[in-house]
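The primary structure of each chain is shown beneath.
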Amino acid sequence: MLMYVSQLPVSVLFLYCIAVAFLEIYLPFLAVAYARLSIGYDYAAPRAMFDKLPPYAQRATWAHQNCFETFMIFAVAALMAYATGVDSPLAIWAALSFITVRLLYSVFYILNIPILRSLMYAVGLACSCTLFVLSIMQAS
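It should be emphasised that the depicted structure is a prediction, and the values quoted were computed from it without experimental measurement. Starting afresh in each chain, residues are numbered from 1 along the sequence in its written order. For a predicted model such as this one, the threshold for reporting local features is a pLDDT of at least 70, and the threshold for listing and counting side-chain atom pairs is 80 or more; totals across whole chains, interfaces and linings nevertheless cover every residue. Hydrogens are left out, water is left out, and the side-chain values use all remaining heavy atoms of the structure.

K.L.:
For the overall build of the protein chain, give the residues involved together with the corresponding values.
P.N.:
Helix numbers and strand numbers start at the N terminus; a helix is a DSSP run of H or I with at least 4 residues, a strand a run of E with at least 2. For the protein chain, the count of helices and strands is six helices and zero strands. Secondary structure elements of the protein chain, listed N to C terminal, follow the sequence α-α-α-α-α-α. For the protein chain, the C-alpha atoms occupy an extent of roughly 55 × 30 × 25 Å along the three principal directions. It only takes one pair of heavy atoms within 4.5 Å for two residues to be counted as in contact. The contacts in the protein chain between residues at least 6 apart in sequence include a share of 75% that link residues at least 24 apart. Here the accessible surface of atoms and residues is derived via Shrake-Rupley with a 1.4 Å probe, and residues count as covered only by protein chains that are part of the display. Accessible surface, the protein chain as shown: approximately 8100 Å² in total, 72% of it carbon and sulfur.

Written out as structure tokens, the structure is:
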């Protein structure tokens, strides 16, 4: 897999990372779905079930919601890098690191390890900011 990734043009890598980041939005929701099925899914009021969910599933819901928020920032940053033709090892590192730390963010959120969750959030934000800065530098 790593061999394949290293052979991709950087611009294509940005697009793959956006697609993977999109899929990662729904990974925490698998824990929520499992918990909902365990307590009996209420098709008439699925959002009203939140208070009945076990704590790990409530945290998974929050991780899922946060993934939507950070996806928008990363997608714009990666698209800016794509559009401006950013082609640097730092950009590759930032894009790949983002998808890695966002996966870990959800895991740490569900497992209730707040310090590591917060660290993953900060690193993910730094990755997006790196792509923004590289894009602006490339465009200038």
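K.L.:
Explain the nonpolar core residue by residue, including any values.
P.N.:
For the purposes of this section, nonpolar cores are sets of buried Ala, Val, Leu, Ile, Met, Phe, Trp, Tyr and Cys residues that join through side-chain atoms within 4.5 Å. Buried residues are those whose accessible area, probed at 1.4 Å on protein chains only, stays under 20% of the maximum for their type, while exposed residues exceed 50% and partly exposed ones sit between those limits. Formed by 24 residues in total, the largest nonpolar core has its most connected members in Phe14, Phe74 and Leu131. Residue assignment for this core shows that the elements contributing at least two residues are helix H2 (10-24), helix H4 (55-84), helix H5 (89-110) and helix H6 (114-139). No other element matches the seven residues that H4 contributes to this core. Residues in contact with Phe14, not counting those within four places in the same chain, are Ala78, Ala81, Tyr82, Val86, Ala91, Ala95 and Leu131. By size, the runner-up hydrophobic cluster in this structure holds seven residues, among which are Ala31, Ala35, Ala57 and Ile110.

K.L.:
Explain a nonpolar patch on the surface to me, using residue names and the numbers behind them.
P.N.:
A cluster of nonpolar residues, Leu27, Leu30, Leu103, Val107, Leu111, Ile113, Ile115, Leu116 and Leu119, forms a patch on the protein surface that exposes about 790 Å² of accessible area. Listing elements by their share of the nonpolar patch, those giving two or more residues are helix H3 (27-39), H5 and H6. For the nonpolar patch, the leading source of residues is H6, giving three residues. Residue Leu119 is classed as partly exposed on the basis of its relative accessible area of 45%. Candidates for patches are residues over 30% relative accessible area with no salt bridge; among them, like charges are joined within 9 Å and nonpolar side chains (Val, Leu, Ile, Met, Phe, Trp, Tyr) within 5 Å. Basic side-chain nitrogens of Lys or Arg form a salt bridge, by our definition, when they fall within 4 Å of a carboxyl oxygen of Asp or Glu.

K.L.:
How would you summarise the packing of aromatic side chains if you had to cite specific residues and measurements?
P.N.:
The geometry of an aromatic ring pair is captured by the separation of the ring centres together with the interplanar angle, meaning the angle of the planes. Working definition: a ring pair exists when centres of Phe, Tyr or Trp rings (six-membered ring for Trp) sit within 6.5 Å. Plane angles under 30 degrees give stacked, over 60 give edge-to-face, the rest tilted. Under the counting rule described, the total for this entry stands at seven aromatic pairs. Arranged with centres 6.4 Å apart and planes meeting at 45°, the rings of Trp62 and Tyr109 form a pair that is tilted. In this pair, Trp62 is assigned in helix H4 and Tyr109 in helix H5, connecting sequence segments 47 residues apart. Note on Phe74 and Phe98: the rings are 4.0 Å apart at their centroids and 0° apart in plane angle, and the pair reads as stacked. Linking Phe74 in helix H4 with Phe98 in helix H5, this pair joins segments that are 24 residues apart in sequence. You'll find Phe74 and Phe98 in the same group, each marked buried. By the ring-pair criterion, three or more aromatic residues cluster together here, those being Phe22, Tyr26, Phe68 and Phe71. Throughout this description, the term charge over a ring refers to an Arg CZ or Lys NZ atom that lies within 6 Å of the ring centre and within 35 degrees of the ring normal. Positioned over the ring face of Tyr105 is Arg102, at 4.0 Å from the centre of the ring. For the cation-ring pair, Arg117 lies above Tyr109, with the distance from its terminal atom to the ring centre recorded as 4.3 Å.

K.L.:
I'd like a rundown of the packing of H4 against H5, residues and numbers included.
P.N.:
Angles shown run from 0 to 180 degrees and are taken between the N-to-C directions of axes, each axis being a line fitted to C-alpha atoms and, for helices, limited to the stretch in contact. Remark: H4 packs on H5, axes separated minimally by 8 Å, with the N-to-C direction vectors making an angle of 160°. One element, H4, and the other, H5, form an angle in the roughly antiparallel class. Relative to H5, the crossing made by H4 is right-handed. From H4, Tyr56, Arg59, Ala60, Trp62, Ala63, Asn66, Cys67, Thr70 and Phe74 reach across to H5, where they touch Ala95, Phe98, Arg102, Tyr105, Ser106, Tyr109 and Ile110. Here the contact of H4 with H5 is built from residues that sort into 11 nonpolar, three polar and two charged. Between 65 and 115 degrees an angle is taken as roughly perpendicular, under 35 as roughly parallel, over 145 as roughly antiparallel, and anywhere else as oblique. What makes a crossing left-handed is the near helix being turned counterclockwise from the far one by less than a right angle; a clockwise turn instead makes it right-handed. Basically, the charged four are Asp, Glu, Lys and Arg, the nonpolar ten are Ala, Val, Leu, Ile, Met, Phe, Trp, Tyr, Cys and Pro, and anything else, Gly included, counts as polar.

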